[in-house]
Amino acid sequence: MVEHLRTTLHTFVNNYQAVMWRLRECSLNDEQLGNAVGLSGNAIRNRRSKPGLWKLSDVERLATHFSLPVTACKQLEQALKELPKTMRTLPSDERRRTERQLVTKIAQLELYNQSDWPVKCLLKIHQSLYKGF
């Protein structure tokens, strides 16, 4: 379970970096890009200055706009949706160890699954999963 999430997150992070590179190279201004991906120009401006504010769905829309694959976003979203259910089936000591490994509790996983995942949280989980390797 954790290994699958680790590899899926790694693929997403690579895709996210490609999207951010394309964003830096993009000739559209914030308003034009916002219109193209369904966000306000102000949201684009804020997220450009603070990349951790991007959401998983934003990265997917940007990838689509830049003609980059969205598979990594979709696979990560699916893995994150299944994670709380899987974790609830674990014995309590193993569940707590997994929560520490992910630096996120089940309740937080469920909350982000209902709303949208901030990229900064995904990067934090990715970093914590790679710390031990």
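Each value, and the rule that gives it
- Residues numbered from 1 in each chain as written.
- Predicted model: local features only at pLDDT ≥ 70, side-chain atom pairs only at ≥ 80, totals over all residues.
- Heavy atoms only, no water.
- Helix = DSSP H or I, 4+ residues; strand = E, 2+ residues; numbered from the N terminus.
- Polar contact = N/O pair within 3.5 Å; in protein donor to acceptor, adjacent residues only side chain to side chain.
- Contact = heavy atoms within 4.5 Å.
- Buried < 20%, exposed > 50% of the residue type's maximum accessible area, 1.4 Å probe, protein only.
- Disulfide = S-S within 2.5 Å.
- Salt bridge = Lys/Arg side-chain N within 4 Å of Asp/Glu carboxyl O.

### Brief notes about the side chain of Asp58
Part 1: Tracing the chain through its elements places Asp58 in helix α4 (residues 56-65).
Part 2: Of the polar contacts made by the side chain of Asp58, one reaches the side chain of Arg61; its length is 2.6 Å.
Part 3: Beyond its immediate chain neighbours, meaning those up to four positions away, Asp58 contacts Leu39, Arg47 and Leu53.

### Observations concerning unusual backbone geometry
Part 1: With phi around 60°, Ser67 is a residue other than glycine that occupies positive phi space.
Part 2: Position of Ser67 relative to the elements: it lies in the loop between α4 and α5 (71-88).
Part 3: For Ser67, a relative accessible area of 67% puts it in the exposed group.
Part 4: One non-glycine residue, Val103, lies in positive phi territory at about 50°.
Part 5: Structurally, Val103 is set in the loop between α6 (92-102) and α7 (106-114).

### Focus: the state of the cysteines
Part 1: Considering all chains together, one arrives at zero disulfides under this definition.
Part 2: Cysteine Cys121 shares no disulfide, and the gap to the nearest cysteine sulfur, in Cys73, comes to 16 Å.

### Structural notes on the pattern of salt bridges
Part 1: In this structure the tally under the stated criterion is eight salt bridges.
Part 2: With a closest N to O distance of 3.5 Å, Arg45 and Glu31 form a salt bridge. Within this pair, whereas Arg45 is found in helix α3 (residues 41-49), its partner Glu31 is found in helix α2 (residues 30-37), the two being separated by 14 residues in sequence.
Part 3: With a relative accessible area of 38%, Arg45 lands in the partly exposed category.
Part 4: Relative accessible area serves as the criterion here: at 42%, Glu31 is assigned to the partly exposed category.

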